[in-house]
Amino acid sequence: MKKFVMYGAGNIGRGFIGQLFSGAGYSVGFVDINKEVIGRLNQDKEYPVDVVSNSGMEEIIVKNAYGIDGTDIELVSEEIACADIMATAIGVNVLKFIAKPIALGLKKRFERGAKPFNIIICENLIGADQFLKGLIKEQLPEYADKIDSEIGFVEASIGRMVPVLPEEKKQGNPLRVYVEPYNILPVDKDAFKGEIPDMEKLYPFAPFNLFIQRKLFMHNMSHATCAYLGYLRDYEYIYEAIADFDIKYVAYRALTQSALAVSKENGVEIDSLLAHAENLLYRFTNKALADTVARVGKDTKRKLSSNDRLIGAINLCDKHNLSCEYLCIGVAAGMAFDPEGDDSSKEICAFAKENGAKDTLKKYCNYDGRMADLIATLYGMIQNGKQISALVKYVDELSGKTMRV
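Residues numbered from 1 in each chain as written. Predicted model: local features only at pLDDT ≥ 70, side-chain atom pairs only at ≥ 80, totals over all residues. Heavy atoms only, no water.

Turning to unusual backbone geometry, a few remarks are in order. Note that the residue after Ala 206, namely Pro 207, is joined by a cis bond; omega there is -5°. With respect to the helices and strands, Pro 207 occurs in the loop between strand S11 (202-205) and helix H7 (209-232). The phi torsion at Asn 321 lies on the positive side, around 55°, for a residue other than glycine. Within the element layout of this structure, Asn 321 appears in the loop between helix H13 (311-319) and helix H14 (325-334). (Helix = DSSP H or I, 4+ residues; strand = E, 2+ residues; numbered from the N terminus.)

Here we take up the environment of Gly 297. Position of Gly 297 relative to the elements: it lies in helix H11 (residues 293-297). Here Gly 297 falls in the buried class, since its relative accessible area comes to 0%. On a C-alpha basis, the gap between Gly 297 and Gly 159 in space is 16 Å, while along the polypeptide they are 138 residues apart. Not counting chain neighbours up to four residues away, the residues in contact with Gly 297 comprise Ala 227, Tyr 228, Lys 303, Phe 337, Asp 342 and Ser 345. (Buried < 20%, exposed > 50% of the residue type's maximum accessible area, 1.4 Å probe, protein only. Contact = heavy atoms within 4.5 Å.)

With that settled, the discussion passes to the nonpolar core. With 73 residues, the main nonpolar core has Ile 314, Val 331, Met 335, Leu 361 and Leu 378 as its most contacted residues. With 10 residues, the single largest contributor to this core is H7. Discounting chain neighbours no more than four positions away, the residues touching Val 331 are Leu 304, Leu 310, Ile 311, Ile 314, Leu 361 and Ile 375. (Core = buried A, V, L, I, M, F, W, Y, C linked by side-chain atoms within 4.5 Å.)

Spatial ordering of the open sheet is given by S5-S2-S1-S6-S7-S8, a layout of 6 strands whose pairing is parallel. Of all strands in the sheet, those bounded by a partner on one side alone are strand S5 (65-69) and strand S8 (151-155). Each adjacent strand pair in this sheet contributes to an overall mean axis angle of 20°, direction not counted. Bridge analysis of strand S2 (residues 27-32) against S5 gives 5 bridges, and the strand direction is parallel. Across the sheet, Asp 32 pairs through a bridge with Asp 69, a residue of S5. (Pairing = 2+ DSSP bridges. Axes fitted to C-alpha atoms, helices over the stretch in contact; angles between N-to-C directions.)

Turning our eyes to something else, we now look at the sheet that holds strand S3 (residues 47-53). The strands making up a sheet associate through hydrogen bonds between their backbones, and the pairing can be parallel or antiparallel. Read from one edge to the other, the open sheet built from 3 strands follows the order S4-S3-S9, with strand pairing classed as mixed. Taken across any chain shown, the strands that pair with only one partner, and hence form the sheet edges, are strand S4 (56-62) and strand S9 (177-179). Neighbouring strand axes in the sheet, compared pairwise and without regard to direction, differ in orientation by 30° on average. Here S3 pairs with S4 via 7 bridges, running antiparallel.

What follows concerns helix H2 (residues 35-44). For H2, every residue scored as buried is listed here: Val 37, Ile 38 and Leu 41. Seen from one end, H2 has its buried residues packed into an arc of 95°, which puts them on one side. Facing away from the buried side of H2 by more than 90 degrees, the exposed set consists of Lys 35, Glu 36 and Gln 43. Lining the buried residues of H2 we find helix H1 (11-23), S2, S3 and S5. (Arc of directions from axis to C-beta.)

Dropping the structure here:
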């Protein structure tokens, strides 16, 4: 049986990537520092994935799974040295901490004359492939040429939504995850070294920039927009927010503006992107998923950064001189997002209240472009207690005067 190593036994690791490879006949070793999760994986050798929708639930048992203690660097490196393929889904900020054990595993492979090896990178970061490659090269400067020629750093577009599962829904099993039915994994075809796995749900595509931008500037952008506007209306769940006409309207208009920019940037017809936008809004209505506004919006310090979902989409629209007024509503609402336990968002929210939207855009978003005045105006309206409907009316009138296609 082929071996797959999944760095990260969290929701995406277990609820999407691990399930995908197990279903394709691989044994799946999860690397993590969560002792409870690793212990239960080694005890059960399997775990449940509940696929939920408004139509009901289907339980899938993921077989041939086991745990690898992430604090045992020697063990981790040996597992990587013996694997056929691996992936990461641990969060962008953690990549720097796993570069060393991955590098040690690759060194063993080189010393043993192993075949080319691929690392699928499942992180929400444009350029994650080069970022991780650079970290590993720092650990193995003597093998820089081999890393270039024999190791594939393969970006992936993670479209499946996997929320944090409350304890009461785990039914006594810490490994249980809830997922939506969507389960396609697009990956960068050109980045593979050697053989590309032949798997039903794995979708190798080139050039891959289209999928990276579609995920970040459409899926992540509209999801965050729903969360930030939902927070203004005290909704707890995303499905509640998307059921609100004003919020759905803003999300859809923002999606169409971002879709046009992605279309222009990649030279593709917009029809498929608009169909994807409509599918996203439908998927957000999944009540059974119970995805919260607080989780989806969390960490605005990252999510409002210059290359991320909202400001990144605005920058792409700016590049092609396209309208992006509805994207600005999401940014303005993001500056007012400060749920309990979210220190990153509270920092931005407090700074914006004291210093204003324009200084916040410069400090946290590295943005002082043509939409800065509009974002500042919209943020001021929010601070003055204006309803979302007032923001929508203001932008509707503005966009009717300034729409550029």
